[in-house]
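# Structural overview for review
Each chain, written out:
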Amino acid sequence: MPVLRIARQPRSAADEAPPIPEAREGGTGGRPAAPAGNAGMRLDIQGLRAVAVSLVALSHAGVTQVAGGYIGVDVFFVISGFLITSLMLREHQRSGKIALGKFYARRALRLLPASTLVVLATLAGSWLFLGPLRFADYAKDAIASAWYVVNFRLADAGTDYFNTDVPPSPFQHFWSLAVEEQFYLIWPILLIVALKLFRRRALLAIPLLALAAGSFAVNLDLTETSPSWAYFASQGRIWELAVGALLALAAHRLHEIPQPIAAVLSWAGLAAIAYGAVAFDETTRFPGYNAIVPVVGAAAVLACGAAGGRYGAGALLSLRPAVWIGGISYAWYLWHWPLILIVPAAVGFGEHDGPLRLIAALCGIPLAWLTLHLVENPMRFHRAFKARANRGLALGLGLSALAALTAVVAAQFPPGLASGSARQNTREALTGTSDPQAALTRLLEERIDKLPSNLEPSMRDVAYKRSAVYTDDCALTMTDEVQTQPCLYGDKTGERSVVLFGDSHVAQWFPAFDAIARKHHWKLYSFTKNACKVSQITIAYNGGPYSTCDTWRQVTIDKIRKMRPELVITSSSQSAKLWGEGDMAEVWGKGQAETYRMLQQGRTRVLTLLDTPWPKNNSVDCAVAHPDDLGACARDRSEADRNPAVTKAILAAAKAEKVATIDPYDWVCAPSGNCPVVVGNTMVYRDYGHLADPYVEALTPVVENELVRLFGADLSQRR
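Residues numbered from 1 in each chain as written. Predicted model: local features only at pLDDT ≥ 70, side-chain atom pairs only at ≥ 80, totals over all residues. Heavy atoms only, no water.

## What about the packing of helix H23 (residues 510-520) against helix H30 (residues 700-711)?
Two numbers describe how H23 lies on H30: the axes approach to 9 Å, and their chain directions differ by 60 degrees. Regarding the angle of H23 to H30, the classification is oblique. Considering only the axes of H23 and H30, their crossing is right-handed. Here Pro511, Ala512, Phe513, Ala515, Ile516, Lys519 and His520 of H23 lie close against H30, whose contacting residues are Thr700, Val703, Glu704, Leu707 and Val708. (Axes fitted to C-alpha atoms, helices over the stretch in contact; angles between N-to-C directions. Helix = DSSP H or I, 4+ residues; strand = E, 2+ residues; numbered from the N terminus. Parallel < 35°, antiparallel > 145°, perpendicular 65-115°, else oblique. Left-handed = near helix turned anticlockwise from the far one by under 90°. Contact = heavy atoms within 4.5 Å.)

## Details of the side chain of Glu704
When you line up the elements, Glu704 lands in helix H30. On the basis of relative accessibility, which here comes to 12%, the residue Glu704 falls in the buried class. When near neighbours in sequence (up to four residues on either side) are disregarded, Glu704 contacts Ile516, Lys519 and His520. (Buried < 20%, exposed > 50% of the residue type's maximum accessible area, 1.4 Å probe, protein only.)

## Remarks on the state of the cysteines
Throughout the structure, instances matching the rule amount to four disulfides. Between Cys622 and Cys633 runs a disulfide, and the two sulfur atoms are separated by 2.1 Å. Judged by the sign of its S-S torsion, about -90 degrees, the cystine formed by Cys622 and Cys633 is left-handed. Residue Cys622 is located in helix H26 (residues 619-625), and its partner Cys633 is located in the loop between H26 and strand S9 (635-636); the two are separated by eleven residues in the primary sequence. Exposure class is identical for Cys622 and Cys633. Each is buried. For Cys669, the disulfide goes to Cys675, at an S-S distance of 1.9 Å. What sets the handedness of the Cys669 and Cys675 disulfide is the S-S torsion sign, and at about 100 degrees it is right-handed. The exposure class of Cys669 is buried, given its relative accessible area of 1%. (Disulfide = S-S within 2.5 Å.)

## Structural notes on the side chain of Thr371
Locating Thr371 in the fold gives a position in helix H15 (residues 354-380). Among residues more than four places away in sequence, those in contact with Thr371 are Ala114, Leu117, Ala331, Trp335 and Glu376.

## Points about the packing of aromatic side chains
Counting across every chain of the model gives 21 aromatic pairs. Between Trp175 and Phe232, the ring centres sit 5.6 Å apart and the planes meet at 85 degrees, which makes this aromatic pair edge-to-face. Taken together, the residues span a long stretch of sequence, with Trp175 in helix H6 (residues 175-197) and Phe232 in helix H8 (residues 227-232) at a distance of 57 residues. The exposure class assigned to Trp175 is buried, which follows from its relative accessible area of 0%. With relative accessibility at 0%, the residue Phe232 sits in the buried group. On the numbers, 5.1 Å between centres and 85 degrees between planes, the contact of Tyr231 with Phe232 is edge-to-face. Exposure class is identical for Tyr231 and Phe232. Each is buried. (Phe/Tyr/Trp six-rings, centres within 6.5 Å; stacked < 30°, edge-to-face > 60°.)

The following block contains the structure:
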C-alpha cells in the first residue's frame, strides 16, 4: 500500500478581492502605467495573481515541469492578506472606523455569486459523470464548501490511510477559500481592537505578529505529525495571510525603497516562486519550512513590484495578458478543478487523460470570463447592494443556503448504477463443497462483463465498511507507536494463540482468520500498523524516515516473544520506498530474515502470506465507471506484482529460515492469468491494493484448508 501523501491530493487557492489601489502613489519613476479610470491600480498584483492561478491550474492538470505549482495557493494567501488589510486601513483612515457589516457584505458579494454557481454546476456534473459510489460524499463536500468549512472535512479525511487512492473530491479546491474566510473572521476584529489600543501604526503589528508566530509553530508541528491537517487546516496557514497583512501595515513606506534595490528584490521574489514551482513536487514536505519560499517570494514582489520601475518584475507582471488573466483568476480558479475531474470522466475513464486534463483546465478561462461579466460584476456592483450592507449579507446567506439545500436534495436522489444478470453467490459456492479451491478456480475462470444484479454487499459498503480491526482501533495509524487496545479476537478462551503481524495487507485477511480461529478455538491477536513492514528496514514517509514504524515493530516483536504464541502470520504490502541507500530487495530480504529469527523461537512458528496481486487501479471506482465492461478493470497476473525482486527476496529469506509461505495469487487470479475485479457476486477489491472484506470472508474455507494443511487443526504440526 503506498505511504500516505496528502501532498498528492489537489492543492488549491482563491483569488482575493477586487483590484485594489496602491496604498500610496508616488516613488520612483518608470512605474508601469495603469489604465485610464483606474489610476491607482497595482497592475503588477494582477500579474502576480495570474502567475499564481496559472501555476495551480497547470500543476493540477499534470504538467510535470511545474509539479510544485500548488505553491500558487500560498502566493494567493499573501496577496489576500495584503489587499484586504490595505482596504481596512484605508477605510479607517478615511472614516475613522472599520464597519464589519460592510466588510462582510463586500466579501459575500465578491465571493458567493461565482462560488455558488460553480458549486451547483459541479454538483450536477458529479451526479451525471462521477458515478453513484462517492456522490453522497461529494454532496457533503458541497455543503461544507457552501459554508466555508470544507478544509476541516478534508483535513480529517486525509488522516484516513485508505483515502490514499480515493479520487479527489471535485470540491476539494474550495479548501483555500475556507482558510481565508476563517482568517477574516478573526483578523478584522483584532485589527479594530488594535486600532483602538495603539496610536502608532507600527504597534498594530503586535497582535498580527503573535498570530503569525503561533500559526507558523502549529504549521511546523502539524507538518511532522499530521500532514493533512498541516495542509488543509487554517490554524497552520494563517501565518501566510498574516505576512501579507504585516506588509500592508508598512505599505505607506514601500515607495521609499530605492529603485535598484526594489528591482532586484522583486525579481528575486518572482524567482523564488518559480523555484518552488519547479523544484517542489508531491514528495516535498509541505507546508512546513518549505512554505517560506513562496510566501517570502510573494511578499518581495508585493513590496517591490511597483517601486522597481521599468527594471523590476512589475514591468513583466503588468503586461496586458498577465493583467487580463489576473482579472479572471478567481473565477478560473473556481472552474479549473471540477473541469479537470469531470471532463475526462464524461469522455470516458482511462489512463491516458493527461492532455484532456490540461485542455479541461484551459477551458476554465472562457468560463471564467463569462462568470466575471455575467455573474460576478453584475451582482457585486449592483446598486441594490452598494449602499445596504444588510442586503449583501442576506444575499450571501441566501446563496450559501441555496447551494447547501440543493446538495441535501441531490443526495436523496443519487445516480443509479447499471448492472447485468444475477451471479452465483460466492460464499455459498465455496462453503458448500468438499474442494473449495476447485470451486474458486471455476468462479475465477468465469468471465463477468457486467456488474451482477445481486452484487453483495453493495458497492458503497465494499468501499467504506471496515472490519472489527479498524472499528476497534486495532490498526494503528501512521503516527501511532504503541497499541493500547488488547485486540483479542477468535475464541478468547482458547488455549492456543495466533498473531496477525504486519501492515494493512495482513489486516485485510482478518475476516477469514477470525472465523477460522473461532471454529478451531484459537485466540487471535491483531498487531498491525498501516504501511509498516515486518522486515527490519526503515522506509520513507512524508519526506523522512518512518520512525514510528521502527519503534512499533520492535515493541510488537518483544510483546510477541513474551506471549509465545503457536503461530505468527505475517504479511506486508511490497509498495514502499527505502529510506537511505542500498538495494531495496537485498535490504528487504535481510531485514525479513532477521524478523523471522527474532519471532521463530521455541514453540512459535511463522507463516508469511505473500503480497496479494495488485489491481490495475482503484477497482471499485473502475467498476462504477465501467459497469458494462468489467474487463477494462481486470489485470493479468504477470503484471500484478508491484515488486517482483522483493517477492523473490522474501521467499529466499523464508526458505533460509524454514518459514512457511502461502502465495495468494491462486485465490485472486484465474489459471489463465486473468485477475478479475468481480468473482461470482462479490467484489474482489475494496480499493487499489486491498481485498474486499466480503471476498476474504468468502475465501475462509480455502484459507482454512491451507492453514490446517501446514500446521494442523491444533497448530502442533511442524514442517
